[in-house]
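Secondary and tertiary structure notes
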Amino acid sequence: MHDKYSKLQAILLEMESVVVAFSGGVDSTFLLDVALKTLGSENVLAVTADSETYPTEELEEAIKLAKHLGADHKVIETSELNIPGYKENTANRCYFCKKSLFEHLEPFIKEGHYRHIVYGLIADDMNEHRPGVQAAKERGVRGPLQEADLYKGEIRDLSREHGLATWDKPSFACLSSRIAYGETITIEKLGRVGESERYIRSLGFGQVRVRSHGDIARIEVESEAMEQLIGQASLISDKLKEFGFIYVAMDLTGYRSGSMNKLLVRGGMTNE
């Protein structure tokens, strides 16, 4: 693990200066921290995209984290729903999102004389359906954590060693990932998913997903939290119905990253 950390530092040193696509999650926070320590703050810029798929509380936390780390930080306004091909929610949705994000970051390379754009791709991602990886390759954007063969568990351990508050932060992905492929993404759907997850977390749950299948909310929590969820089932069901769902269900398999991708495999929409 520590050899991989040294490899990561070597990769960043070779880059000389970087613009970090910074979401405030476990991976991008660790990447930003290592980049600052390795290259110096004058050679690192963190940029966060504020959009309808990115909850306000996540943006506020990203701003606080960047300030705490001593990073030069910019927040830009983007809108995924205005990207051609995005709201249709096909198997390649993330390609359109990442392509647009990297296009928004490219001016910082030219204006600030940074050499590379980097993002929080990790080794785990290479075994999942990640259309955004293709967008990164097309625009020359690099994922130093993946290049150093760092996995999520190792990043959490190293983050804890380095005193990063995000070491045990629940994994997060954009709200669009909660909406079943083929179902059009709208502001209203993103809003009710965001409100639903916010409410469930307020009850003391950590890792939670509210997956939207039309009028059905499929709730995923860690297996050890299922009993707690059942104990508050009536309360949660009533609240999610207030947000616009008609049916509310708990997924008995529990939380797992990218569970919506099972629909792609079954439907023959991806080769993975």
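The protein is annotated in an unreviewed UniProt entry as NAD/GMP synthase domain-containing protein from Paenibacillus macquariensis.

Looking now at the packing of helix 8 (residues 187-202) against helix 10 (residues 233-242). The geometry of helix 8 relative to helix 10 is characterised by a closest axis approach of 10 Å and an angle of 155° between their N-to-C directions. Our classification of the angle between helix 8 and helix 10 gives roughly antiparallel. Here the hand of the crossing between helix 8 and helix 10 comes out right-handed. On helix 10, the residues that touch S196, Y199 and I200 of helix 8 are L235, I236, K239 and L240. When the residues that make up the contact of helix 8 with helix 10 are grouped by side-chain class, the tally is five nonpolar, one polar and one charged.

What follows deals with helix 3 (residues 56-69). With 14 residues, helix 3 extends 20 Å from end C-alpha to end C-alpha; this agrees with the ideal 20 Å at 1.5 Å per step. Of the positions making up helix 3, those classed as buried are E58, L59, A62, L65, A66 and L69. The buried residues of helix 3 occupy one face: seen down the axis, they fall within an arc of 125°. Along helix 3, exposed side chains directed more than 90 degrees from the buried face belong to T56, K64, K67 and H68. Buried-residue contacts for helix 3 involve helix 2 (26-39), strand 2 (44-50) and strand 3 (72-77). Where helix 3 terminates, the next one or two residues include G70, which has phi positive at roughly 80°.

This next bit is on the sheet that holds strand 7 (residues 247-250). If you trace the three strands from one edge of the open sheet to the other, you get 5-6-7, paired in mixed fashion. Single-partner strands in this sheet number two, and they are strand 5 (208-213) and strand 7. Taking the axes of each pair of neighbouring strands and ignoring which way they run, one obtains an average angle of 25° across the sheet. Examined bridge by bridge, strand 6 (residues 216-221) and strand 7 share four bridges and lie parallel to one another. Bridging from a neighbouring strand, R218 pairs with A249 of strand 7. Across the sheet, helix 8 touches strand 5 and strand 6, and the angle it forms with strand 5 is around 150°.

Here we take up the sheet that holds strand 2. Taken together, the four strands give an open sheet; going across it, the order is 3-2-1-4, and neighbouring strands pair in parallel fashion. Both edges of this open sheet fall to strand 3 and strand 4 (116-118), since each of them pairs with a single strand only. Averaged over all pairs of adjacent strands, the angle between strand axes in this sheet comes to 25°, irrespective of strand direction. Judged from the six bridges that link them, strand 2 and strand 3 form a sheet pairing that is parallel. In the strand pairing of strand 3, T48 is matched with V75. Contacts from helix 3 reach strand 2 and strand 3, with the element oriented near 160° to strand 3.

Let us look at the side chain of E80. Secondary-structure assignment places E80 in the loop between strand 3 and helix 4 (93-112). Look at E80: it is buried, it has no salt bridge, and the nearest opposite charge is K98 at 7.9 Å. Excluding residues that lie within four positions of it along the chain, E80 makes contacts with S51, E52, T53, Y86 and C97.

Located in the positive-phi region is E16, a residue other than glycine, with phi close to 75°. Here E16 lies in the loop between helix 1 (2-15) and strand 1 (18-21). Classification of E16 by relative accessible area gives partly exposed; the value is 47%. Phi is positive for N89, close to 60°, though the residue is something other than glycine. The topology assignment puts N89 in the loop between strand 3 and helix 4. Overall, the relative accessible area of 0% leaves N89 in the buried class.

Parameters and conventions
Residues numbered from 1 in each chain as written. Predicted model: local features only at pLDDT ≥ 70, side-chain atom pairs only at ≥ 80, totals over all residues. Heavy atoms only, no water. Axes fitted to C-alpha atoms, helices over the stretch in contact; angles between N-to-C directions. Helix = DSSP H or I, 4+ residues; strand = E, 2+ residues; numbered from the N terminus. Parallel < 35°, antiparallel > 145°, perpendicular 65-115°, else oblique. Left-handed = near helix turned anticlockwise from the far one by under 90°. Contact = heavy atoms within 4.5 Å. Nonpolar A, V, L, I, M, F, W, Y, C, P; charged D, E, K, R; others polar. Expected span 1.5 Å × (residues − 1). Buried < 20%, exposed > 50% of the residue type's maximum accessible area, 1.4 Å probe, protein only. Arc of directions from axis to C-beta. Pairing = 2+ DSSP bridges. Lys, Arg positive; Asp, Glu negative; His and termini not counted. Salt bridge = Lys/Arg side-chain N within 4 Å of Asp/Glu carboxyl O.

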